[in-house]
Amino acid sequence: IVHERTDNHVIAEPLEHTAHQLEYIAALLTPPPSLLKVAHNPVASITIDEPVALAIAKMTEASFSQLPVVSSNGCEAVLTPNTITRWLGASRDVGIVSIDDTPVREVLAFQEPTECHRFFASTASIFDVLEAFQVEHAQGRALTAILVTPSGKSKAALQGIITLSDLPAAYALLTTRG
């Protein structure tokens, strides 16, 4: 960007730092980073009729705390340790409960009302992810996971999962571009 007077004398020249900042912004926006760059794949899941003991084992072995729950209708929910704990707390009055005999379906009835998950198409960007977490937080909900499918629909095959713990990687991706 150079402004010239009518007598061809330069009156303003951009600093090199300013030019680099403009290039950095352009690199962020064209094209924006894909959400697949931070999504975990393959996605572990559990069926709605499998025992909660299997869900706990999967979560423990792989060290994650969000487990998509699938059925013939696609992804139904995301099971979290909070949900399992609420189920156990509610079951204390019943006496002995069996994690081997209780299907995930029964445990899901104890999901926190503020927990939610969203589906995104694999073509979405990191900006879409960051905005989703911000919007849900502003509305008083905890976005436990963004589930990535080819179409962004719950019936499609899961291609990836993004959780709150992935946000630092998303921000790092933005700050290292350009």
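Note that the coordinates shown come from a computational prediction; the quantities given were computed from them, not determined experimentally.

Undergrad: Any details on the sheet that holds strand β7 (residues 142-149)? Residues and values, ideally.
TA: Read from one edge to the other, the open sheet built from three strands follows the order β6-β7-β8, with strand pairing classed as mixed. Two strands lie at the open edges of the sheet, namely β6 (115-121) and β8 (160-162), each paired on one side alone. Within this sheet the neighbouring strands show an average axis-to-axis angle of 25°, counted without direction. Two elements, β6 and β7, share seven bridges in a ladder whose sense is parallel. Following the sheet pairing, Phe 119 is matched in β7 by Leu 147.

Undergrad: Residue-level account of the nonpolar core, with values.
TA: Burial of nonpolar side chains together is a common tendency in soluble globular proteins. Leu 35, Ile 126, Val 129, Phe 133, Ile 146 and Ile 162 are the most contacted members of the largest nonpolar core, which has 19 residues in total. At the level of elements, β6, α5 (126-138), β7 and α6 (167-175) are the ones that each hand at least two residues to this core. Ranked by the residues each element gives to this core, the list is headed by α5, at five residues. Look past the residues within four positions of Ile 162 in its chain and what remains in contact with it is Leu 35, Val 38, Ala 39, Val 129, Phe 133, Ala 145, Ile 146 and Val 148. Val 69, Ala 77, Ile 84 and Trp 87 belong to the second largest nonpolar core, which has 14 residues in total.

Undergrad: Give me the side chain of Thr 80: which residues, what numbers.
TA: Note on placement: Thr 80 falls in the loop between β5 (74-79) and α3 (81-91). Given a relative accessible area of 3%, Thr 80 falls into the buried group. Excluding residues that lie within four positions of it along the chain, Thr 80 makes contacts with Met 59, Ser 65, Gln 66, Glu 115 and Thr 144.

What counts and how
Residues numbered from 1 in each chain as written. Predicted model: local features only at pLDDT ≥ 70, side-chain atom pairs only at ≥ 80, totals over all residues. Heavy atoms only, no water. Pairing = 2+ DSSP bridges. Helix = DSSP H or I, 4+ residues; strand = E, 2+ residues; numbered from the N terminus. Axes fitted to C-alpha atoms, helices over the stretch in contact; angles between N-to-C directions. Core = buried A, V, L, I, M, F, W, Y, C linked by side-chain atoms within 4.5 Å. Buried < 20%, exposed > 50% of the residue type's maximum accessible area, 1.4 Å probe, protein only. Contact = heavy atoms within 4.5 Å.

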